[in-house]
Structure formats: C-alpha cells, structure tokens
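# Observations on the three-dimensional arrangement
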Amino acid sequence: MSEKVSVSPSNQIPQFEKVRPTSLTADAFHRLRKNKAAMLGAVIIVMNILVATFAPWIAPKKYDTVSFKDINGTPTWVTRIFSNMKPIEHGGYVKIREGYLLGADNLGRDLLSRIIYGARISLTVGLITPFINLTLGLLIGLIAGYRGGWLDNVTMRFVDIMYAFPTYLLIILLMAVFRLGASKLEPGSLGYFFSQLDASMGGLLFIFIGIGLTSWMNEARLARGQVLSVRENDYITAAIAIGAPTSRIIFRHILPNIIGPLIIAETLAIPSYIAYEAFLSFIGLGVNPPTPSWGGMIADGVVRIQAYPNHAIFPALALFILMFAFNFLGDGLRDAFDPTLRGRD
Amino acid sequence: MGKFILRRFLWMVLVLFVVSLITFILMRIIPGGPFTGEKRLPAATLAQLNAKYRLDRPLHIQYLSFVEGVIIPRVTTGKQSNYLDHEYLINVRLPFGDRTTFRWMNFGPSYNSIGRTVNDIFREHLPISMQLGFSAFTLSILIGVPLGIISALKRNTLIDYLAMAVAVLGISVPVIIMAPILQYIFGVQLKIVPVSGWGNLNQMILPVVALGASNSALIARLTRASLLQVLGQDYIRTARAKGLIERLVIFRHAMKNALIPIVTVLGPTLAYLLCGTFVVETVFGIPGMGKFFVTSVTGRDYQVIMGTVLLLAMFLVLANTIVDILYTFIDPRIRTD
C-alpha cells in the first residue's frame, strides 16, 4: 500500500493517487453490478418485462382461442421429456400436435401463449403491490411512531392482533367480499366504481387491495421502529425548534432517513406477493378467467398431472424462475446497500 | 409467572374477540345469505329457513349468541345428551349422575350441509389438516436444525455451501410450485409413492415434504446464523480453553443460546403450516379443512367460516403464548414482567 504514496525527501505532504469521488448510491450500484446472481436475476426480470409487454407480438397464438380438435395436443419433444406420455402412434394416448410448442391444454389453448400472457399478471403484482404496501405501511408506521402515546399503542396492538389472524383465511375472506360483493352493487356507488375498475383490469385491482390489506403490518412495524430511533436525533429537535410544521418534519426530515431499509424489505417481499397472487388464482379467487395466471394454470393442470404433466409443470417452472430472479435481485440489493447485513437472515 | 400467564390469557381473549368480530363483519358485508344460492327458494321458505337459524335477528344479537355458544360451557344430563355430542366440540363425560357431560364450544349448525353441525365437519376434516400441519412442522425442525448445526460447524466447506444452496432453493420455492413438481417426479415418474390420497404412511410423505420443505430451509439458515454468532462469543472460548470436549461445548453451551431465535420463529412457522395446507390438500386430494373453508366462504356458510377462523386463531395465539413461556425457561435473562 505504500507504493502509491510518494514521499519526497524534503518533508512535503505525501501525494495520494486521485480517486474519483462516488456517492453512496453509486457505490451500492457498483457492488450490485459485481454480484453475478443479482445481475442474472435482473436480466431475467427485464426479459420477463419485455415478454409481458410485447406478449401480443411474441405469443404464437391468442391465449383464449379454444380449439377442440387440438385438446391436450402435445408436440413430440414434450412426450420425450415426460416419459409416461406415449403418443397414440406408439400405443399411448397422446395426440401429437407440433404446432403447439409446449402443448395445448384441456380446452385446446396454447400453453406457451398462456404462459407468456401469464407473465403480465405475476409481474404486475410483483411490481405494483410493493408500492401499495409501502404507502399503507409507511403512513401508519410514520404516524404511530411520530405521534406516539395512545395512538401508537392502539395501532401497534392492532398490528399484533392482525398477526394472530390466519393470513390465508383473511385473504380468502377479503377476496370473497370483493368478488362476491361486487356483483350486487348499484351503479353510481363507490363500490360499483371500484368493481368496474377491477373488471377493466382483469381482476387485478382487488388482488392488489387484498394483498395490501393483509401484509401492511410488517411495513408499519418496521417504519415505526425506524421513526422511533430517528425521532430522537438533534436535527429533528432543531426542526421543531424553528417551528417546522409536523407534516414537513415527517416527510422532509424523517421519511428520507427511514425509507432505505423499507424499500429493501419490500424488494425482498416481492416473491411472496407473487406467490400470494398464484395462490389466489389457484383457489379460483384471483384474476378473472380466461385471463391466464400461472397459479390458475397450475391448478388446472394439477388435476391431470398423471396424464399430461406438462400442463402443470411448465407454468410452475415459469413461476419458479421469476420468483428466483426476484429473490436473487432482492438479496443483491440488500447486500449492496447494507454490506453489514451480508449473510444474515 | 402467574401474573404473566394471566396477562397473556387476557390478551388471547382480546385477540380472539377482535378476530371473530372482523370475520363476522366481513362475512356479512358479502351480499346474499346461505340460502340464496343457485336454486331460487320461495320467499316464504326463505323466511322460514332464516327464522329457523335465527338469521332474521339483528346482527349484533346474532353475533352475541354465536359468542355465547362458543364460550359458555354447559353441563347436561339425561337422554338428549347423545344428540348434543354433535353440537359441542368438547364433550367430557363426568363420572356421576345420568350421563352428566361437560360440554364446551358450540359452533352451531352448518347451513350448507343440512343436518350436520360445524363440529361434525371439524371432527371429519380438521384432524387431517392438523396431522398434515404438525407432521410438516416436525419435519422442518428435524431437518432444519441438524442441517443448520452441521453447516455452522463445517463453515465455508463444501458441505456448508451445498446445504445453504439447497436451503436458499427451498426458501424461494413456494408450496404451489413444490407440490406439483414433487408429485410428478416421485408419484408419476418414479412411482415410489402414491400420487394422491391420505391415510397410509406412504401417502403422507409427499404432502408433508412439500409443505415442510421451505420451512426446514428457513430454520436451517436461521440455526446456522444463530449458532455462528454464539460460537464467536467469549464464553465459548472459555469453555474450549478449559479443555471441554467439543460436543459438550456445542450442545451444552452454544446450543442453549443459539436456540432462542429459532424458538421465536416456531410460533409463526406452526401458524403458517396449519393455515397453508390448502394448496397441498388440493394438489394431493387430501380431504382436509382447507378446501372446505373456501367452499364455505363462497357458500356463505357463516358458522363454518367463523368456526374455522376462530379455531385456527386460537391455535396460533396458544402457540405464540407457549413460545413466550418457553422463552423464560430457555433464557432466564428474559423477564416475564
């Protein structure tokens, strides 16, 4: 290390090699770029986004075109992978249809096209839900943490109670309220507006709200904890002393200082939101059919897993790859922005 | 300690009250009732049915009578006893009198399956879900803890990397992916175990593994991290310095403290496993409670919904309370007050 420092005999100040100054964020992104797993995840996510965006151009067929003569049709290469799928020509039961790259489902719809369109649902949920959760959790956590006192007490006890609520049962109940409730509303009411909006989004809106309402508690708890520690800083006292309004203190002084860990926590939670949507579509409370969702496709396919394993395995693999990508990227982001956390849970 | 348990008990009551209230409100927001299904009933029949099940009473009365049925225990005698066995979840025959029985927790009748009570349904389906959940729970501890210990002790060796790679894989794969893939590989392709069903031991293997895998991975990672942290502490060095054999250092000194974070996640883990059985039950065709819950929500079978949510919430709160009490035994530094 001493090579870079040149000390001249006449007691001059040592000359250091000049280094370009970098901001903390740039530093973090540099670390992120060097993380191969995270970069792989990012590439997969970008590819998924491209596929989802340009689905109508990429998909070989329409996702809802039913073709009765191609029901359960399978290309040859798929029958080679799944050894129990013997073609009719070889004494089996499988209709060979080379036109379907991954096969056709039980209504003769192209599996590949449905998987391509299904990426839209999983990605939208994975990218939008964090914002909803962040907003909801931050708002509640900020107010509870900053105000303190009884408000904090009541909010946090409510959070504790919600932790004891079986999450899956709650989300099933909520979705039932949204889905079944929406059918009986009069035009003109707020609920009707929402149900129309939901229908125009293929059922996604209620999925966002459902997941948001069941998972804001983690965010709120985290935000509150952060506020409690930041609140004691001198610069907050100073802001109060010069008469800054509370909203300014919360949003200009506290928020920027606590948002980092929250964003990282949300990134790490993305796979679980994707899994939630898959679960909801799996039990039939997710997106409206015939919009394809990977969870719904798995549910449809699992019934026939002995005869046509490709119907369930391919969407499961698609879901697996996307969740892995988000996991890798999330871990990478956390390690990049907070290197002290590396290797911890 | 007594005061602590009392406080936890009161907290449990509050939690169950709020949970049941939220469930009740959510259910009643859904328009329609249990008898307004596809078959249109004549108005008079509908009114009679509603009157029979007291669905024509004001909502708060309905809620209060439900709560009363659940929490007030009764002691009954005489002939009617046999019928009441269906209505109550807990029936304890007392050793005196004419069929004197202590009864508790009446969740009421089911509206969709006429003639059956909610407790009939629980008796048939709940034990299956519980078996599944608890087996997966046991599996995740039995695999997770030893795996974590091994990789902590063999840190930065091939075994460690391999174990942790498998763990990361396990954590990232939800049941909805794990179940069909396991089913295909071991049931359809290799034909080692049956594809679906429930009852035999070999039918249990796949569902339990599918459900418990991701949690065992989580526990393995947690055990590794926690044990590594403890192993770096001074008292471990002291134990080694005084010549204690490694086995005792690990199991008597290190594990005690390393266990604390693991115990913390056991409560939520159990909760997750007991509630998360739905996908596994559907994939493997297991007649458990999960499937029943969804059909009862869409069928507005209010009593079944309330009963299931309450019973599960009760398990969760109890599990968390037990964990809290276990804490004080594992770690005397934690005060109960």
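The residue numbers shown here count from 1 along each chain, following its written sequence. As they are written, the chains are lettered A onward and the ligands numbered 1 onward, keeping that order. Side-chain atom pairs in this predicted model are given and counted only at pLDDT of 80 or more, local residue features only at pLDDT of at least 70, and totals for whole chains, interfaces and linings cover all residues. Hydrogens and waters are ignored; side-chain quantities use all the structure's heavy atoms.

## Concerning the overall build of chain A
- The helix count covers DSSP runs of H or I at least four residues long, the strand count covers runs of E at least two residues long, and both are numbered beginning at the N terminus. The secondary structure content of chain A amounts to 13 helices and zero strands.
- Going from the N terminus to the C terminus, chain A shows its helices and strands as α-α-α-α-α-α-α-α-α-α-α-α-α.
- We take the radius of gyration over the C-alpha atoms and set the globule estimate at 2.2 Å times the residue count to the 0.38 power. Compactness check: chain A gives a C-alpha radius of gyration of 26 Å against a globular reference of 20 Å for 345 residues, more than 25% above the reference.
- Seen along its three principal axes, the alpha-carbon backbone of chain A occupies a region of about 90 × 65 × 35 Å.
- Exposure categories follow from relative accessible area, calculated using a 1.4 Å probe and restricted to protein chains: below 20% of the type maximum is buried, above 50% is exposed, and the middle band is partly exposed. Here chain A holds 345 residues, and 48% of them are scored as buried.
- By the convention used here, residues are in contact when the closest approach between their heavy atoms is within 4.5 Å. Partitioning the contacts of chain A with sequence separation of at least 6, the portion at a separation of at least 24 is 73%.
- Roughly 17,300 Å² of accessible area belongs to chain A as shown, and the carbon and sulfur atoms make up 64% of that amount.
- Here the positive residues are Lys and Arg and the negative ones are Asp and Glu; neither His nor the chain ends is included. Working definition for charges: the position is that of NZ of Lys, CZ of Arg, CG of Asp or CD of Glu. Positive and negative charge centroids in chain A, built from 30 and 23 side chains respectively, lie 3 Å apart. Values of accessible area rely on a 1.4 Å probe in the Shrake-Rupley scheme; residue burial ignores everything except the protein chains shown.

## Here we look at the pattern of salt bridges
- Should a side-chain nitrogen of Lys or Arg be within 4 Å of a carboxyl oxygen of Asp or Glu, the pair is scored as a salt bridge. On inspection of all chains with the given rule, the structure shows 16 salt bridges over all chains.
- Between A:Asp70 and A:Arg97 there is a salt bridge, with the nearest N and O atoms lying 2.6 Å from each other. With A:Asp70 in the loop between α3 (55-58) and α4 (76-81) and A:Arg97 in the loop between α4 and α5 (111-147), the pair connects residues that are 27 residues apart, well separated along the chain.
- Taking relative accessible area as the criterion, A:Asp70 reaches 7% and is therefore assigned buried.
- Classification of A:Arg97 as partly exposed rests on a relative accessible area of 25%.
- In this structure, B:Asp234 engages B:Arg237 in a salt bridge whose closest nitrogen and oxygen atoms are separated by 3.4 Å. Taken as a pair, B:Asp234 and B:Arg237 lie in helix α9 (residues 234-241) at a separation of three residues, close to a single helical turn.

## Focus on the interface of chain A and chain B
- Contacts between the two partners involve 42 residues from chain A and, on the opposite side, 48 residues from chain B.
- Two parts placed together each lose some accessible area; with a 1.4 Å probe, that loss summed over both constitutes the buried area. Of the roughly 4,000 Å² buried between chain A and chain B, counting both surfaces, carbon and sulfur atoms make up 82%.
- Counting across the interface, chain A meets chain B through zero salt bridges.
- In the analysis that follows, any N or O atom pair within 3.5 Å is treated as a polar contact, provided that within protein one partner can donate a hydrogen and the other can accept it, and provided that, for residues neighboring in sequence, both atoms belong to side chains. Taken together, chain A and chain B are joined by zero residue pairs in polar contact (both at pLDDT 80 or more).
- Going through the elements one at a time, α6 (149-164), α7 (167-182), α11 (246-282), α12 (294-302) and α13 (310-337) of chain A are the ones with two or more residues in the side of chain A that touches chain B.
- Ranked by residues supplied to the side of chain A that touches chain B, first place goes to α7(A) with 10 residues.
- Residue classes in the side of chain A that touches chain B are distributed as 32 nonpolar, six polar and four charged. Classification convention: Asp, Glu, Lys, Arg as charged; Ala, Val, Leu, Ile, Met, Phe, Trp, Tyr, Cys, Pro as nonpolar; all other residues, Gly among them, as polar.

## Describing the packing of aromatic side chains
- Geometry of aromatic contacts follows a simple scheme: Phe, Tyr and Trp rings, the Trp one being its six-membered ring, pair when their centres are within 6.5 Å, and the pair is stacked under 30 degrees between planes, edge-to-face over 60, tilted otherwise. The final tally for this structure, using the stated rule, is 18 aromatic pairs over all chains.
- Note on A:Phe82 and B:Tyr184: the rings are 5.2 Å apart at their centroids and 85° apart in plane angle, and the pair reads as edge-to-face. With A:Phe82 in the loop between α4 and α5 and B:Tyr184 in helix α7 (residues 175-189), the pair connects residues from two separate chains. This pair shows no difference in class: A:Phe82 is buried, exactly as B:Tyr184 is.

## A short note on the sheet that holds strand β1 (residues 74-76) of chain B
All names here are of chain B.
- For two strands to be treated as a pair, DSSP must find at least two bridges joining them. As summarised here, the arrangement of the three strands in space is β1-β3-β2, forming an open sheet in which the pairing is antiparallel. Of all strands in the sheet, those bounded by a partner on one side alone are β1 and β2 (88-93). Strand-to-strand twist across the sheet, computed as the mean angle between neighbouring axes with direction ignored, equals 25°.
- Bridge count between β2 and strand β3 (residues 101-106): five bridges; the pairing is antiparallel. Bridge pairing in β3 places Val92 opposite Phe102.
- To define axes, lines are fitted to C-alpha atoms, for helices over the stretch in contact only, and angles between the resulting N-to-C directions are given on a 0 to 180 degree scale. Together, β2 and β3 form the strand contacts of helix α5 (residues 118-153), whose direction differs from that of β2 by roughly 85°.

## Considerations on unusual backbone geometry
Residues and elements named next belong to chain B.
- Even without glycine at this site, Met105 takes up a positive phi of about 70°.
- Judged by its relative accessible area of 8%, Met105 is buried.
- Within the chain, Asn156 stands out as a residue other than glycine whose phi angle is a positive 60°.
- Within the secondary structure, Asn156 sits in the loop between α5 and α6 (158-172).

## Concerning the side chain of A:Ser293
Residues and elements named next belong to chain A.
- Looking at the secondary structure, you find Ser293 in the loop between α11 and α12.
- A polar atom in the side chain of Ser293 sits 2.8 Å from the side chain of Glu277.
- Not counting chain neighbours up to four residues away, the residues in contact with Ser293 comprise Ile121, Glu277, Ser281 and Val287.

## Section: the confidence of the model for chain B
All names here are of chain B.
- For every residue, the predictor assigns a confidence score, pLDDT, that lies between 0 and 100. Mean pLDDT over chain B: 84, with 96% of residues reaching 70 or higher.
- Mean pLDDT values for the elements of chain B range from 74 in helix α4 (residues 81-87) up to 91 in α9.
- Here the predicted complex scores 0.85 on pTM and 0.83 on ipTM.

## A closer look at the side chain of A:Asp110
Residues and elements named next belong to chain A.
- Mapping Asp110 onto the fold places it in the loop between α4 and α5.
- Lys61 provides the closest opposite charge to the buried, unpaired Asp110, separated from it by 5.1 Å.
- Within the structure, Asp110 has its side chain in polar contact with the side chain of Ser113 (distance 2.6 Å).
- Setting aside residues up to four positions removed in sequence, Asp110 forms contacts with Pro60, Lys61, Tyr100, Leu101 and Gly103.

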